[in-house]
Amino acid sequence: MASTETRRIDKEKTCPGLGLFYTMLSALFFSVASLFLKKVEDVHSVEASAFRCIFQMMFVLPGLIYYKTGFLGPKGKRVFLFFRGLLGSGAMILLYYAYQVMPLADATVITFSSPVFTSLLAWIFLKEKYSPWDLLFTLFTITGVVLIARPPFLFGSKVAGIEGSYADHLKGTIAAVASAISAASTLVILRKVGKSVHYFLSIWYYAVIGLIVCVIALSVMDVWTLPHCGKDRFLLILIGLFGLGGQIFLTKALQIEKAGPVAIMKTMDVVFAFIFQILFLSHLPTWWTVGGALCVVASSCGTVIRKWRKSSKEAKQTEI
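Chains are numbered independently. Their residues run from 1 in the order of the written sequence. This being a predicted model, a pLDDT of at least 70 is required before a residue's local features are given, and a value of 80 or more before pairs of side-chain atoms are given or counted; all residues contribute to the totals for chains, interfaces and linings. No hydrogens and no water enter the side-chain calculation; it runs on all heavy atoms of the structure.

Where an unreviewed UniProt entry is consulted, the chain appears under the name Solute carrier family 35 member G1, with the organism given as Gekko japonicus. UniProt positions are given in the numbering used here, feature names are shortened, and annotations may be inferred rather than shown by experiment. Of the chain, the UniProt comment under Subcellular location (unreviewed entry) reads exactly: "Membrane".

See the structure below:
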C-alpha cells in the first residue's frame, strides 16, 4: 500500500513543473475561497471558520482510518500538536476576520509576511541562525505593513482606499499581522515535530481544536445562527470546498516539489487577490498598497530563496 503511494509520487516527480502547477491551483482555490468570504453578508468570520473546520474533519477522518494513525498521536508529541492546532486555527480565524473588514489584497499581502516571522521565531525558539539579511527582510516587511495600514500620524487623517471606517481597517491590519505570526508559529512547531507525525494527524488537530475554539467563541459572542439567505449558505459550502481543495493541492505540491520553489510560486496568492479585488469587488488598490505589497513579497521571497539555497548547499555537502 505504501509502496504504491511512493510509486505514484515518483511518477508525478518525472513531470516537470507539475508541483508548481499544483501550487498555482492551490493559490487560486484559496483566493476564490477568500473572495466568497467577502461576498457573504450575514455570517461572522468565526462561523465561517467553523464551517471550514467541519470540512477539514470530513476530509481527514477517512485518511486517519486508512493510515491507522490514531486520533491523538504519539504521547511525546501531543502538546506540540495541541499548540499547532490552536495556533493554526487561530491564524485562520484572524485571517477570515481581516478579509471581512479590509480590502482583500491588503489582508492577503500582510499574511504573506509569514516566512519572515518564521525566520525570527525559529531564531528565538529553535536557535536557528538569524543573519543581517533576515533582519533587513524583517524591516522591509514592517515597512510594507505600515504602507498598507497607513496610520494617521504618518499619513494624515484622510486615508484613501479603505473599506468602511479606519478603525475597522486598523483592526483588520492587526488581525492579519497576528494571523501571519500565528501561521509562522505553526511552522516552527511543525519543524520541531518533524516527520514523526503524519500530516493527516496534524490537520486533524487543526480542525478539531479550531472547531472547539469557534463554538466557544460563537457561544460567548452569541452570534451562532445559520444564514437566512440561501446564497450565503451556498457560499459557506463553497468556502469549505475551495479551502479544502487549496489544502490538498498544496500538500500534493510539497510532495513532489522542493519547498523553495513552492513558496515562491505562492506569491500567486497576492496576484489573484489583486485581480479578484479589481474584477469582482470593484475596488482599485492604492499605490500605497502596491508599494506595501512589493516590500512584503520581496522580503518573503528573499527569505525563502536564502533558506532554499542554504539547505541545498547543506544537502550537497552531506552527499560529498
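Additional details are given in the paragraphs that follow.
What follows covers the overall build of the chain. When its secondary structure is counted, the chain shows 14 helices and zero strands. Taken across its 320 residues, the chain has 48% of its residues classed as buried. In this analysis, two residues are considered to be in contact whenever any of their non-hydrogen atoms come within 4.5 Å of each other. A fraction of 87% describes how many contacts in the chain between residues 6 or more apart in sequence connect residues 24 or more apart. Computed with a 1.4 Å probe, the accessible areas rest on the Shrake-Rupley method; for each residue, only the protein chains presented here act as cover. Surface exposure of the chain reaches about 16400 Å², of which carbon and sulfur atoms provide 71%. Per the convention used, a helix needs a DSSP run of H or I reaching at least four residues, while a strand needs a run of E reaching at least two, with both numbered from the N terminus. In this scheme, a residue with accessible area under 20% of its type's maximum is buried, one over 50% is exposed, and one in between is partly exposed, where area comes from a 1.4 Å probe on protein chains only.

Let us look at the side chain of S114. Mapped onto the secondary structure, S114 falls in helix α6 (residues 114-125). Under the relative-accessibility criterion, S114 is labelled buried at 9%. Other than its neighbours up to four places away in sequence, S114 contacts A180, A183, A184 and L187.

Turning to the nonpolar core, a few remarks are in order. In these notes, a set of buried Ala, Val, Leu, Ile, Met, Phe, Trp, Tyr and Cys residues joined through side-chain atoms within 4.5 Å is what counts as a nonpolar core. Counting residues in each nonpolar core, the largest one holds 46 residues, and the members touching the most others are Y96, Y99, V109 and I239. Once residues lying within four places of it in the same chain are set aside, the contact partners of Y96 are L37, S45, A48, S49, R52 and I239. By size, the runner-up hydrophobic cluster in this structure holds twelve residues, among which are L64, I189, L201 and W204.

Okay, helix α5 (residues 104-111) next. Here α5 lies mainly inside the structure; eight of its eight residues are buried. Turning to α5, its buried residues are L104, A105, D106, A107, T108, V109, I110 and T111.

Angles shown run from 0 to 180 degrees and are taken between the N-to-C directions of axes, each axis being a line fitted to C-alpha atoms and, for helices, limited to the stretch in contact. One way to put it is that helix α2 (residues 18-39) packs onto helix α4 (residues 78-101) with a least axis distance of 9 Å and a crossing angle of 55°. The angle between the axes of α2 and α4 places the two elements in the oblique class. Taken as a pair, α2 and α4 cross one another with a handedness that is right-handed. Taken together, the residues of α4 that come into contact with α2 (itself represented by S34, L37 and K38) are Y96, Y99 and Q100. Residues are grouped as follows: Ala, Val, Leu, Ile, Met, Phe, Trp, Tyr, Cys and Pro are nonpolar; Asp, Glu, Lys and Arg are charged; all remaining types, including Gly, are polar. Of the residues belonging to the contact of α2 with α4, the class tally is three nonpolar, two polar and one charged. Here is the rule for angles: anything less than 35 degrees is roughly parallel, anything more than 145 is roughly antiparallel, 65 through 115 is roughly perpendicular, and the remaining ranges are oblique. Two helices cross in a left-handed way if the nearer one is turned anticlockwise from the farther one by less than a right angle. They cross in a right-handed way if the turn is clockwise.

In this fold, K129 is placed in the loop between α6 and α7 (132-149). In the structure, K129 is positioned ten residues away from S119 in sequence and 8.5 Å away in space, judged by C-alpha atoms. The residues contacting K129, other than those within four sequence positions of it, are D134, K307 and K310.

Aromatic rings from Phe, Tyr and Trp, with only the six-membered ring used for Trp, were paired whenever their centres fell within 6.5 Å, and each pair was classed as stacked if the ring planes differed by under 30 degrees, edge-to-face if by over 60, and tilted otherwise. Counted according to the given criterion, the structure contains eleven aromatic pairs. Centre to centre, the rings of Y22 and F249 are 5.8 Å apart; their planes meet at 35°, and the pair counts as tilted. Of this pair, Y22 sits in helix α2 while F249 sits in helix α11 (residues 230-256); the two residues are 227 residues apart in sequence, bridging distant segments of the chain. For the ring pair F36 and F242, a centre distance of 5.7 Å and an interplane angle of 70° mean the geometry is edge-to-face. Residue F36 is located in helix α2, and its partner F242 is located in helix α11; the two are separated by 206 residues in the primary sequence. Overall, F36 belongs to the buried group, its relative accessible area being 18%.

In this structure, K68 takes a positive phi of about 55° despite not being glycine. Despite not being glycine, S282 has its phi angle at roughly 50°, a positive value. Relative to the assigned elements, S282 resides in the loop between α13 (268-279) and α14 (287-319). The exposure class of S282 is exposed, given its relative accessible area of 67%.

Let's shift gears to the packing of α4 against α5. Orientation of α4 relative to α5, taken along the N-to-C sense of each, is 150°, at an axis distance of 7 Å. When the axes of α4 and α5 are compared, the pair comes out roughly antiparallel. Seen along the crossing, α4 lies across α5 with a hand that is right-handed. Side by side, α4 and α5 meet where L95, A98 and Y99 of the first sit next to L104, A107, T108 and T111 of the second. In the contact of α4 with α5, the residues fall into five nonpolar, two polar and no charged.

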